[in-house]
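# Fold and geometry: a report
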Amino acid sequence: MITFAILNSSIYDKNSHKNLERAIESIEREMDSGCECEVICVGDWKDEKNRDYIRTFSIPEEWEQINGISLKLNTAIEHAYGDVICFMRDYNYL
């Protein structure tokens, strides 16, 4: 299984949530081709579609400003089920 860990923050980019949806759509295309995947989103995005292969984690805003990226990376690693982790930012897509 591959874990796609997507890190986002709308604090720094107002298009973050829109970009993140595009990233997830690109992962879903891979899943349609037979890839066994899970998606972990760490930041301030919530999955309104309640997809079972997406898990979301948020961090306090005050921590985001101090050491946000490291905290997000470690959170994704801690919660990943996959043997392989592909880290992405919200503006990346496959």
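The present account deals with the structure reproduced in this document. (Residues numbered from 1 in each chain as written. Predicted model: local features only at pLDDT ≥ 70, side-chain atom pairs only at ≥ 80, totals over all residues. Heavy atoms only, no water.)

Let us now look at the pattern of salt bridges. Under the defined criterion, the tally for this structure stands at four salt bridges. Between R51 and E28 there is a salt bridge, with its nearest N and O atoms 3.3 Å apart. Taken together, the residues span a long stretch of sequence, with R51 in the loop between strand 2 (37-42) and strand 3 (54-57) and E28 in helix 1 (residues 16-32) at a distance of 23 residues. For R51, a relative accessible area of 12% gives the class buried. (Salt bridge = Lys/Arg side-chain N within 4 Å of Asp/Glu carboxyl O. Helix = DSSP H or I, 4+ residues; strand = E, 2+ residues; numbered from the N terminus. Buried < 20%, exposed > 50% of the residue type's maximum accessible area, 1.4 Å probe, protein only.)

The next point concerns the pairing of strand 2. For strand 2, the buried fraction is high: six of the six residues fall into the buried class. Here strand 2 shows a buried face lined by C37, V39 and C41 and a second buried face lined by E38, I40 and V42. As paired strands, strand 2 and strand 3 are joined by four bridges and run parallel to one another. By the bridge assignment for strand 3, V39 is matched with I54. (Pairing = 2+ DSSP bridges.)

Right, let's get into the sheet that holds strand 1 (residues 2-7). The strand order across the open sheet formed by four strands is 3-2-1-4, and the pairing between neighbours is parallel. At either end of the open sheet lies a strand with only one pairing partner, and these are strand 3 and strand 4 (84-89). Recorded for the sheet is a direction-independent mean angle of 20° between the axes of neighbouring strands. In the sheet, strand 1 pairs with strand 2 via six bridges, with the strands oriented parallel. Note on strand 2: the bridge partner recorded for I2 is C37. (Axes fitted to C-alpha atoms, helices over the stretch in contact; angles between N-to-C directions.)

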